[in-house]
Amino acid sequence: MEKYDVTVIGSGPGGYVAAIRCAQLGFKTALIEKYPSLGGTCLNVGCIPSKALLDSSEHYHNALHSFAEHGIEVKSPKVNLGKMIERKRGVVKMTVDGINFLMKKNKITVITGHGSFTSKNTIEIAKADGSKETIESAKTIIATGSKPSSLPGIEIDKKRVITSTEALELTEIPKHLIIIGGGVIGLELGSVYGRLGSKVSVVEFMDGLIASMDKGLGKELTRVLKKDLGFEYFFNHKVTGVSSKGKEVTVVAENKNGEKVELKGDYCLVAVGRRPYTDNLGLDKAGVKVDARGKIEVDAHLKTNVDGIYAIGDVIKGAMLAHKAEEEGVYVAESLAGQKPHINYNLIPGVVYTWPEVASVGLTEEQLKEQGKKYKSGSFPFKASGRARASMDTDGFIKVLADAETDEVLGVHMIGPRVADMIMEAVVAMEFRASAEDIGRICHAHPTFTESLKEAALDATAKRPIHM
Ligand code: FAD
Ligand code: NAD
């Protein structure tokens, strides 16, 4: 039986990064992945393919709606969905190939097959050809990720009633896409098809979009997606039934007064969150505990209740984000090597890749109120930015929240052009515990979108923005 110092189960961003860091630190490392394609949800059916389609659909939408104003005349642009999906597959393949290269470079043994514990230190891998291999491992990192959740009584047939995985591989543009869930997946994939011409209806249980982020962001995004893509919303509505017949799907939802709406479309995307994935992992044989929601329980050091077994990423508590999983992978590897790593969970940025993009870090205004913290708020609209006017991206704003007494930045919330990248300035500033005045006094290149953060910080620190 082959013996390893560390075995990682699952090759998503948590797992493959953990494996690389373990190998860098000198551990004999194995990575078990049930699919032949490494990279997990993120590379194969998540972050990367969704962003590839978001970019393609954005080009098309711009060609239709903003080229003319820029003085560019193109005759009736058309979508070739097959080609668009093919390009997306190419992007995924290139990225997955990159992971294969990194595994070889770091001398990590990749074992393809479904891994399950047979004891605390032994893992059996069931391979596609029916054969089995058992390995022994001193330490194991569980990084088995998540799968789409469903709703009770709703059957996802993967043809008309679909999850994000199928939505990334459609062969036609939906005429009317009904989306259950106004969260990140619903809005990103809704944007893709809305830009390509689908009518999009969003049924959301809460009273607004992206409900876990600062409320102001959801409000602005609701307005802009309606204005630009014609999104229709059913907030405060709980879906009670979904059925499909031939090419038609029917979604029934109910508001808080018990009033029903019935929507008919040709596709229904169920995007109501994701569940931790531990199916047939043999957790009982290793003695690893899960919580009531099926998430693997870990302590502050990401160790499970069993010595030598750790868990990271979507399969444990916390935000289901690729970069959070990566940080946790590095954390466990370095802890195993006797180092003292640290993750600042308060400063994990969240991004929604709609247009305008949405990005956030730190505490929201609602959380500050809930905690009874005294704070100052400053904001700056992109319509006052010269750079945004030049590119015709004037929707959105940046909001900076700072401690009322010390001026320390406590939260930054952005909706606007390229804020997915811009949020990192706020993360760095907050990591170094900057005050709003610090950000306001840093020289920002002109003209850039980033000047809007400086202006919002000046507004927060002493109500003295320059350009407003
Ligand atoms: P995963 O990426 O889910 O990987 C787990 C791996 O483990 C899988 O490959 C699985 O096959 C394997 N596995 C499971 N069980 C076993 C077993 N028993 N044996 C062997 N292998 C096993 N996050 C972002 O930060 N930014 C984004 O833009 C973003 N976009 C997304 C878009 C979509 C459509 C979706 C669905 C998700 C998106 N996410 C995004 C979330 C992100 O994909 C996840 O947070 C991230 O992939 C979690 O990483 P992970 O390593 O924990 O698990
Ligand atoms: P989500 O939690 O973001 O949104 C789900 C939404 O569905 C919520 O707003 C919820 O209120 C609503 N909902 C739940 N039950 C409902 C019902 N019965 N009727 C109507 N609405 C209902 O989940 P998601 O969009 O499925 O995404 C899953 C995970 O993937 C998220 O945790 C997210 O972090 C991750 N993800 C991240 C990105 C990114 O970082 N850009 C992109 C995609 C996915």
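Rules of the game
- Residues numbered from 1 in each chain as written.
- Chains lettered and ligands numbered in written order.
- Predicted model: local features only at pLDDT ≥ 70, side-chain atom pairs only at ≥ 80, totals over all residues.
- Heavy atoms only, no water.
- Near = heavy atom within 4 Å.
- Polar contact = N/O pair within 3.5 Å; in protein donor to acceptor, adjacent residues only side chain to side chain.
- Areas by Shrake-Rupley, 256 points an atom, 1.4 Å probe, with all protein chains shown as cover.
- Helix = DSSP H or I, 4+ residues; strand = E, 2+ residues; numbered from the N terminus.
- Nonpolar A, V, L, I, M, F, W, Y, C, P; charged D, E, K, R; others polar.
- Core = buried A, V, L, I, M, F, W, Y, C linked by side-chain atoms within 4.5 Å.
- Buried < 20%, exposed > 50% of the residue type's maximum accessible area, 1.4 Å probe, protein only.
- Contact = heavy atoms within 4.5 Å.
- Salt bridge = Lys/Arg side-chain N within 4 Å of Asp/Glu carboxyl O.
- Phe/Tyr/Trp six-rings, centres within 6.5 Å; stacked < 30°, edge-to-face > 60°.
- Lys NZ or Arg CZ within 6 Å of the ring centre and 35° of its normal.
- Axes fitted to C-alpha atoms, helices over the stretch in contact; angles between N-to-C directions.
- Parallel < 35°, antiparallel > 145°, perpendicular 65-115°, else oblique.
- Left-handed = near helix turned anticlockwise from the far one by under 90°.

Asks: Just give me the short version of the site of ligand 2, but keep the residues and values in it.
Replies: Inspection of the region around ligand 2 gives 21 residues, with Ile185, Glu188, Glu204, Gly273 and Val351 positioned closest. Taking Val184, its main chain carries an N or O atom lying 3.3 Å from an oxygen atom of ligand 2. Summarising the interface, the protein chains cover 77% of the accessible area of ligand 2, which totals 840 Å² for the free molecule. Among the elements that line the shell around ligand 2, the one with the most residues is helix α6 (residues 184-196), at 3 residues. For the shell around ligand 2, a count of residues per class yields 14 nonpolar, 4 polar and 3 charged.

Asks: If you had to explain the nonpolar core to someone new, which residues and values would you point to?
Replies: With 50 residues, the main nonpolar core has Phe117, Ile141 and Ile142 as its most contacted residues. The dominant element in this core, judged by the number of residues it contributes, is helix α1 (residues 13-24), at 7 residues. Sequence-distant contacts of Ile141, defined by excluding residues within four places in its chain, comprise Val6, Thr7, Val8, Ile9, Ala18, Cys22, Tyr310, Ile312, Val332 and Leu336. By size, the runner-up hydrophobic cluster in this structure holds 35 residues, among which are Leu177, Leu196, Leu229 and Val352.

Asks: Now, about the pattern of salt bridges: what can you tell me, with residues and values included?
Replies: Summed over all chains, the structure comprises 28 salt bridges. A salt bridge links Lys28 to Glu2; the shortest N-O distance between them is 2.8 Å. Of this pair, Lys28 sits in the loop between α1 and β2 (29-33) while Glu2 sits in the segment before β1 (3-9), placing them 26 residues apart in sequence. Among the ionic pairs, Glu437 bridges to Arg441, the shortest N-O distance being 2.6 Å.

Asks: Tell me about the packing of aromatic side chains, residues and numbers included.
Replies: Any two aromatic rings considered together are summarised by their centre-to-centre distance and by the angle between their planes. Evaluated as defined, the whole model comprises 3 aromatic pairs. Between Phe231 and Tyr233, the ring centres sit 6.3 Å apart and the planes meet at 55°, which makes this aromatic pair tilted. Its relative accessible area of 1% is what places Phe231 among the buried residues. With a centroid separation of 5.1 Å and 10° between ring planes, the pair formed by Tyr233 and Phe235 is classed as stacked. Among the aromatic residues, those joined into a cluster by ring pairs are Phe231, Tyr233 and Phe235. A cation over an aromatic ring shows up here: Lys147 above the ring of Tyr277, its NZ or CZ 4.9 Å from the ring centre. Sitting over the face of the ring of Tyr267, Arg160 holds its NZ or CZ atom 4.4 Å from the ring centroid.

Asks: Please give an account of the side chain of Glu328 that cites residues and values.
Replies: Residue position: Glu328 is located in helix α9 (residues 322-336). Apart from the residues within four sequence positions on either side, Glu328 is in contact with Leu302, Ile312, Gly313, Ile316, Ile343 and Tyr345.

Asks: Residue-level account of the packing of helix α3 (residues 47-65) against α6, with values.
Replies: Between α3 and α6, the least distance of the axes is 9 Å, while the angle of their chain directions is 30°. Of the possible angle classes, the one that applies to α3 and α6 is roughly parallel. In this structure, α3 crosses over α6, and the sense of that crossing is left-handed. Contacts between α3 and α6 involve Ser50, Lys51, Leu53, Leu54, Ser57, Glu58, Tyr60 and His61 from the former and Glu188, Leu189, Ser191, Val192, Arg195 and Leu196 from the latter. The class makeup of the residues in the contact of α3 with α6 is 6 nonpolar, 4 polar and 4 charged.

Asks: Describe unusual backbone geometry, listing the residues and the values that go with them.
Replies: For residues that are not glycine, phi is negative in most cases, and the peptide bond is trans in most cases. Here Trp355 and Pro356 are connected by a cis peptide whose omega angle stands at 0°. By the element assignment, Pro356 lies in the loop between β18 (350-352) and β19 (357-362). The peptide bond linking His446 to Pro447 adopts the cis configuration, its omega dihedral lying at -5°. Within the secondary structure layout, Pro447 lies in the loop between α13 (436-441) and α14 (451-462).

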